[in-house]
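Structure at a glance
The chain contents come next:
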Amino acid sequence: VVTNSSMDTSLLNSLDANTTGTIDASIITALSGTAHEINSAYTSSGISGLGNEAITITDASITIAEANFLSAFTTGVVTATISHGAIATLAGLTETGNAYTMTVTDASVSASALNTLNAKTTGVVTVQATTITGTAADIITAYLSGANGTIAGLGNEAITVTGSISVNHANLFAAATSGIVTAT
């Protein structure tokens, strides 16, 4: 029986490798380690009681596939940095509520897609786009998320608004970015 509520996954795997019995890990509320170590712990037949702990992945970054695979092991929050930068790839995250940090590297990004991605994580989504596009409502949501600290990197990109907007919205967008605002 493991008695620590927080454990480095390499230690748990080492205990598993050095015993013939089953390790009861149900007391653990937090695990940290590399994606490989965490996968080993969850897939081991020698470790039982895992499934609701928070996971901190210590790799410099992980892929979307790894994030989806590892987050399926637990109902706890998974904390990691995602390596992919394309919004279309990042959209492949299948769970919400995890603390993923990621950077959107597309030159142009839809505010709607950005808002959907932001809703999938409690971590920070950094935007490197030079253009944000979308409806006034979607763009306002993205910039409000920026003001709240969940989307970073906004403020110097061009904004292209689809559909007509009010003068108030035009002024709001002009104040939100040093880039050119295009709207009708």
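Above this note sits the structure.
Read on for an overview of the structure. (Residues numbered from 1 in each chain as written. Predicted model: local features only at pLDDT ≥ 70, side-chain atom pairs only at ≥ 80, totals over all residues. Heavy atoms only, no water.)

A separate point is the overall build of the chain. Across its full length, the chain holds seven helices and 13 strands. Computed over the C-alpha atoms, the radius of gyration of the chain is 21 Å, more than 25% above the 16 Å expected from 2.2 N^0.38 for a compact globule of 184 residues. For the chain, long-range pairs separated by at least 24 residues make up 44% of all intrachain contacts whose partners lie at least 6 apart in sequence. Surface summary for the chain: the accessible area is close to 8600 Å², and the carbon and sulfur share equals 55%. (Helix = DSSP H or I, 4+ residues; strand = E, 2+ residues; numbered from the N terminus. Rg over C-alpha atoms; globule rule 2.2 N^0.38 Å. Contact = heavy atoms within 4.5 Å. Areas by Shrake-Rupley, 256 points an atom, 1.4 Å probe, with all protein chains shown as cover.)

Right, let's talk about the packing of helix 5 (residues 111-119) against helix 6 (residues 136-148) for a bit. When two helices pack together, you describe them by how their axes are tilted relative to each other and by the distance separating the axes. Where helix 5 contacts helix 6, the axes come no closer than 8 Å and their chain directions differ by 45°. Regarding the angle of helix 5 to helix 6, the classification is oblique. Crossing of helix 5 over helix 6 shows left-handed handedness. Residues Ala-111, Ser-112, Leu-114, Asn-115 and Asn-118 of helix 5 touch helix 6, and the partners they reach there are Asp-138, Ile-139, Thr-141, Ala-142 and Ser-145. For the contact of helix 5 with helix 6, the class distribution of residues is four nonpolar, five polar and one charged. (Axes fitted to C-alpha atoms, helices over the stretch in contact; angles between N-to-C directions. Parallel < 35°, antiparallel > 145°, perpendicular 65-115°, else oblique. Left-handed = near helix turned anticlockwise from the far one by under 90°. Nonpolar A, V, L, I, M, F, W, Y, C, P; charged D, E, K, R; others polar.)

Here we come to the pairing of strand 6 (residues 78-81). Burial of strand 6 is one-sided: the residues Val-78 and Ala-80 facing one way are buried, the residues Thr-79 and Thr-81 facing the other way are not. Sheet analysis places strand 5 (residues 54-57) next to strand 6, joined by two bridges and oriented parallel. Across the sheet, residue Ile-55 finds its bridge partner in strand 6, namely Val-78. In terms of handedness, the path from strand 5 via helix 3 (residues 64-71) over to strand 6 forms a crossover that is right-handed. (Buried < 20%, exposed > 50% of the residue type's maximum accessible area, 1.4 Å probe, protein only. Pairing = 2+ DSSP bridges. Right-handed = clockwise from strand over helix to strand, strands pointing away.)

Moving on to the nonpolar core. Ranked by size, the top nonpolar core spans 44 residues in total, and within it Leu-12, Ile-57, Ile-82 and Ile-132 carry the most contacts. Setting aside residues up to four positions removed in sequence, Ile-82 forms contacts with Ser-61, Ile-62, Thr-63, Ile-64, Ala-67, Leu-90, Leu-93, Tyr-100, Thr-101 and Met-102. (Core = buried A, V, L, I, M, F, W, Y, C linked by side-chain atoms within 4.5 Å.)

Now for the sheet that holds strand 10 (residues 131-134). Strand order in the open sheet formed by four strands is 8-10-12-13, and the pairing between neighbours is parallel. The sheet is open, and its two edges are formed by strand 8 (108-110) and strand 13 (181-182), each paired on a single side. Relative to strand 12 (residues 158-161), strand 10 runs parallel, the two sharing four bridges. Bridging from a neighbouring strand, Thr-131 pairs with Ala-158 of strand 12. Of the strands in this sheet, strand 8 and strand 10 touch helix 5, which is tilted by about 70° from strand 8.

Looking now at the sheet that holds strand 6. The seven strands are arranged 1-3-5-6-7-9-11 in an open sheet whose pairing can be described as parallel. Two strands close off the open sheet at either side, each with one partner strand: strand 1 (6-8) and strand 11 (151-152). Relative to strand 5, strand 3 (residues 30-33) is paired through four bridges, and the arrangement is parallel. What sits directly across from Ser-32, in strand 5, is Thr-56. In this fold helix 1 (residues 9-17) packs onto strand 1 and strand 3, with an angle of close to 75° to the strand it touches most, strand 1.

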